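# Chain and residue survey
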Amino acid sequence: EKMKAYLISAGCPFDFVLFTNYERQVAALMAGHVDIAWNGPVAHVLAQQQAGPENLISLGMRDVDCDFVSVCVARKDSSVSSVSELSGKVVATGAHDSPQAHLVPLYWLGELGVKPAEVKSFDLDLGKHGDTAIGEVKAMEALLEGQADAGLLSKMMWDRAVEGQLPSIDKAQLEKNLQVLPEAPPLFDHCQFDVLASNPAWKRESFVDAIFKMDIQNPAHQEVMCLEGIQQKWMPPRQEGYAVVSKSLAAVSKRHFSTSTGSTGRTSGSHSHRQRSSLGHLPRSHRAWNGVRNFSSKPTVGVVGAGVAGLQTIRSLRAKGFDVKVFEQDARVGGVWRENYVNFGVQVPKQLYEFLDFPFNLPWGQYPTGPETQQYIEDYVDHFQLRDAIETGTQVESVSPKDSRWVIKTQSDGSSKEETFDYCVIATGLYSKTKLFMPEIPNKEKFQGKVLHSTNFQDVSLAEGKRVVVVGNGKSAVDCAVEASKAPGAKVTLVSRKAHWPTPRKIADLIPFQYVFLSRLGQALVTGHRGALPGAPAHMSWWHTLGWPVMAGAFTVVEMLFALQFRNMSGSTSPLFKCDVVSDFYGHAQVLDYSFRDLVSKGQIDWVMASPESYTSNGLKLATGETLEADLMVFATGFQKDYSYFPADLQSKLGVESDGLYLWRHTLHPQVPGLAFVGSELATISNISSYGLQSAWLGKVWAGDIPLPSSEEMTKEIQQMRDWKRSWMPDTASRASLVLLHQTHFHDILLKDMKIHHLRKMPNVLAEAFMPYQPQDYSGIVGA
């Protein structure tokens, strides 16, 4: 009633009716008896199936309906510690029409090849599609009574049980007897407002305009929004989150859902509404195509690379009305995460390596392994239905401009073809296995052992009983040395040319590094020390002018603390008083735990500071005159950028320099319209979130939402960035791409271009100042 009163006051003629079950609600929508249906996920899919996707328009959803989470829990005495062990077990679920507690989780188990001996569904309140969750409560009761080995539940109901909010569930017994398994079913979206495309536009528009004017900070709106369960705001519509629901309906319980109006009698109280109003506040691309898009007139985009940058580019450009096709040379998406050196992983905690609106299903603070990250990326592709845009196993041979368009020549299965696009995006990433960097060291032919690049050191058994020399000083070199030392009988030496600063995961063993370096306070400290990123607020430059002497002293203290934490206060391996910690981070960034430190202290790894001079028959001669005996050499010496797929005249126009390719906003070249680089010329601490914002920004630029300055102005800004970086950053081949610790200000620049509020944590002033910026702070931007 309060929502009705608000909508009428906002100019939306409105009334509602309640249905006893979702099937009757969908039938009423199809028959035109209601204008808008507030459909749960199953009802939404059924409505799409009956009306046809082109004839059903979605208007919006609550923020709590985005990315609904289910969990799998097991009895601690069931000997089940992973979902893979559920085959042959008894699994309890909610009602069989519940997407969160039956359909999606069971479909997921089936995809994993898991076959329970019995599924006990508690079919209470059927027709509500699990909304009342009575079946989930009964499933938990059955688990506690030992009637089942495991259960499939919504995380929302599990959390309520753990917090003691369910009267029939003993919180203490729950914690004593049950555990959440580490794997979780795929995310999906919950309720959404649906309307037939034939519904009068004025109704849709008045309804959507009304709900999207609501502001939870407005006392007049807050009560109604909270009663609706909204945490912050109404969200725009999206369809990606229902793909897995559709698949689960087809695979798990097709027999339970008919498309007719005849449902069995079910208990009353469904939350379904009749709403006399409708659409309007849709994304611009929806308006442009009037609900049914003319695909023949869509601008086309060819994308090279299906890593985390290319995948987000699909979503961002599709949302703006572009037809996107991605070419990936390998058989799977994922970029460097498909395979790499043994036990490779992310060097930041999972909350810093997440897609902006797709949480990484790992505990807070955990550092994901390579395989975990690859699976997460695969899940993202499936969740947002991106596979139809990706052509895997396809090598891009050339990218050439022709008549203001782009011709991409590819090879697949031995045959070549050319395709023409209106735009082209290079999303090949910062690292590419197609061009590994191996230093030229004389007399390689004399060496009788094995030489590998770190990317190919994928089996620790290669080091068993071997004298192993690892060359390098980045994280990959440290990781390879640590892993090689675990091989039985291995004798490991790490050879590094110079001492560089590692960053500890926790500063002073107390504070996670991101709280210092990725908060606005940390951004101010780095800016005071090394200057403001061009384009950052003017007061940041003033602060650097006044504050650098103080910050120089402060960061000297930081260096002493880091050296103390890594027990490396003096000697050739210590960077203390040899190089500035912030500047060095921009040349050799690495966030480490103490594994390497401890192995060196115990004598299990030797660490030598010297330059390799030449191979010998049985080892490596160093510039110091020392010769290291070796059976296996691993060069963790990085990668080289490859622009050879561009014709020579285009390479010349791009102007790649010894320290990289300088671009406007790290994305566009002023002299080469229609070509963009997403992810391949930008390095930050949280690359994955930066690439998401970069792709969203690009979508708005190419859609005409962001006016570009003249090529002269862009060139001037690029020169300012070039001069600033060269004034203090180490001279490396990647310097042009580096943003790193200045990433928050870079994100601010993109957001301001997009007319999106950049102070993402406000009105919480303390959080805005002191809490680290993470991908979740930018949720809702990609794909909007």
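The structure displayed is predicted, hence computed values, not measured ones.

## Overview of the confidence of the model for the protein chain
For the protein chain, the average pLDDT comes to 88, and 94% of its residues sit at 70 or higher. Residue range residues 253–296 is modelled with pLDDT below 50. Its contacts to residues more than four positions away, or to other chains, number 130 contacts.

## Observations concerning the pattern of salt bridges
Pairs may arise between side chains of opposite charge once their charged atoms sit close together. Inspection of every chain in the model, using the stated rule, returns 44 salt bridges. Across the salt bridge formed by glutamate 419 and lysine 417, the nearest N and O atoms sit 3.4 Å from each other. Judged by its relative accessible area of 19%, glutamate 419 is buried. In this structure lysine 417 comes out as partly exposed when scored by relative accessible area, which is 36%. Between glutamate 483 and lysine 486 there is a salt bridge whose closest N-O contact spans 3.0 Å. According to the relative accessible area criterion, lysine 486 is exposed, its value standing at 53%.

## Section: the packing of helix 4 (residues 99–111) against helix 10 (residues 243–251)
Packing of helix 4 against helix 10 brings their axes to within 9 Å, and their N-to-C directions diverge by 80 degrees. Taken together, the axis directions place helix 4 and helix 10 in an arrangement best described as roughly perpendicular. Residues Leu103, Val104 and Tyr107 of helix 4 pack against Val244, Val245, Lys247, Ser248, Leu249 and Ala251 of helix 10.

## Thoughts on the packing of helix 21 (residues 687–702) against helix 23 (residues 743–753)
Running from N to C, helix 21 and helix 23 cross one another at 20 degrees; their axes reach a closest spacing of 10 Å. In terms of axis orientation, helix 21 runs roughly parallel to helix 23. In the crossing of helix 21 with helix 23, the sense of the turn from one axis to the other is left-handed. Where helix 21 approaches helix 23, its residues Ser689, Ser690, Leu693, Gln694 and Trp697 are matched on the opposing element by Gln743, His747, Leu750, Leu751 and Asp753. Classifying every residue of the contact of helix 21 with helix 23 gives four nonpolar, five polar and one charged.

## Here's the deal with the environment of valine 80
Summarising the element assignment, valine 80 is placed in the loop between strand 3 (70–75) and strand 4 (90–93). Taking the C-alpha atoms as reference, valine 80 lies 40 Å from phenylalanine 193; in sequence the two are 113 residues apart. Setting aside chain neighbours within four positions, we find valine 80 in contact with Ala74, Glu85, Leu86, Lys89, Gln179 and Leu181.

## A word on the sheet that holds strand 5 (residues 118–121)
Strand order across the open sheet formed by five strands is 5-4-6-3-7, with mixed pairing between neighbours. Across the chains shown, the open sheet's two edge strands, defined by having one partner strand only, are strand 5 and strand 7 (178–180). Pairs of neighbouring strands in the sheet enclose a mean axial angle of 25 degrees, with direction left out of account. Sheet topology note: the strand 4/strand 6 (residues 150–154) ladder contains three bridges and is parallel. Within strand 6, the residue paired with threonine 93 across the bridge is leucine 152. Contacts from helix 5 (residues 134–144) reach strand 3, strand 4, strand 6 and strand 7 within the one sheet, and its direction differs from that of strand 6 by about 155 degrees. Lying over the sheet, helix 6 (residues 155–162) contacts strand 3, strand 6 and strand 7, oriented at roughly 105 degrees with respect to strand 6.

## What to know about the packing of aromatic side chains
In this structure the tally under the stated criterion is 27 aromatic pairs. A ring pair is formed by phenylalanine 68 and phenylalanine 188, whose centres lie 5.7 Å apart and whose planes are at 45 degrees; its orientation type is tilted. Remark: phenylalanine 188 occurs in the loop between strand 7 and strand 8 (192–196) and phenylalanine 68 occurs in the loop between strand 2 (56–62) and strand 3; sequence separation between them is 120 residues. We classify phenylalanine 188 as buried; its relative accessible area is 0%. Positioned over the ring face of tyrosine 367 is arginine 505, at 3.5 Å from the centre of the ring.

## Some words on the pairing of strand 5
Sheet topology places strand 4 next to strand 5; four bridges connect them, and they run parallel. Each bridged residue has a counterpart across the sheet, and for valine 90 the counterpart in strand 5 is glutamate 118. Of the crossover connections in this fold, the one passing from strand 4 over helix 4 to the parallel strand 5 is right-handed.

## Some points on the side chain of aspartate 753
Along the polypeptide, aspartate 753 turns up in helix 23. Taking relative accessible area as the criterion, aspartate 753 reaches 17% and is therefore assigned buried. One polar contact links aspartate 753 to arginine 665, side chain to side chain, over a distance of 2.8 Å. Aspartate 753 has contacts with Arg665, Trp697 and Ile706, leaving out every residue within four places of it along the chain.

Conventions used here
Residues numbered from 1 in each chain as written. Predicted model: local features only at pLDDT ≥ 70, side-chain atom pairs only at ≥ 80, totals over all residues. Heavy atoms only, no water. pLDDT = per-residue confidence, 0-100. Contact = heavy atoms within 4.5 Å. Salt bridge = Lys/Arg side-chain N within 4 Å of Asp/Glu carboxyl O. Buried < 20%, exposed > 50% of the residue type's maximum accessible area, 1.4 Å probe, protein only. Axes fitted to C-alpha atoms, helices over the stretch in contact; angles between N-to-C directions. Helix = DSSP H or I, 4+ residues; strand = E, 2+ residues; numbered from the N terminus. Parallel < 35°, antiparallel > 145°, perpendicular 65-115°, else oblique. Left-handed = near helix turned anticlockwise from the far one by under 90°. Nonpolar A, V, L, I, M, F, W, Y, C, P; charged D, E, K, R; others polar. Pairing = 2+ DSSP bridges. Phe/Tyr/Trp six-rings, centres within 6.5 Å; stacked < 30°, edge-to-face > 60°. Lys NZ or Arg CZ within 6 Å of the ring centre and 35° of its normal. Right-handed = clockwise from strand over helix to strand, strands pointing away. Polar contact = N/O pair within 3.5 Å; in protein donor to acceptor, adjacent residues only side chain to side chain.

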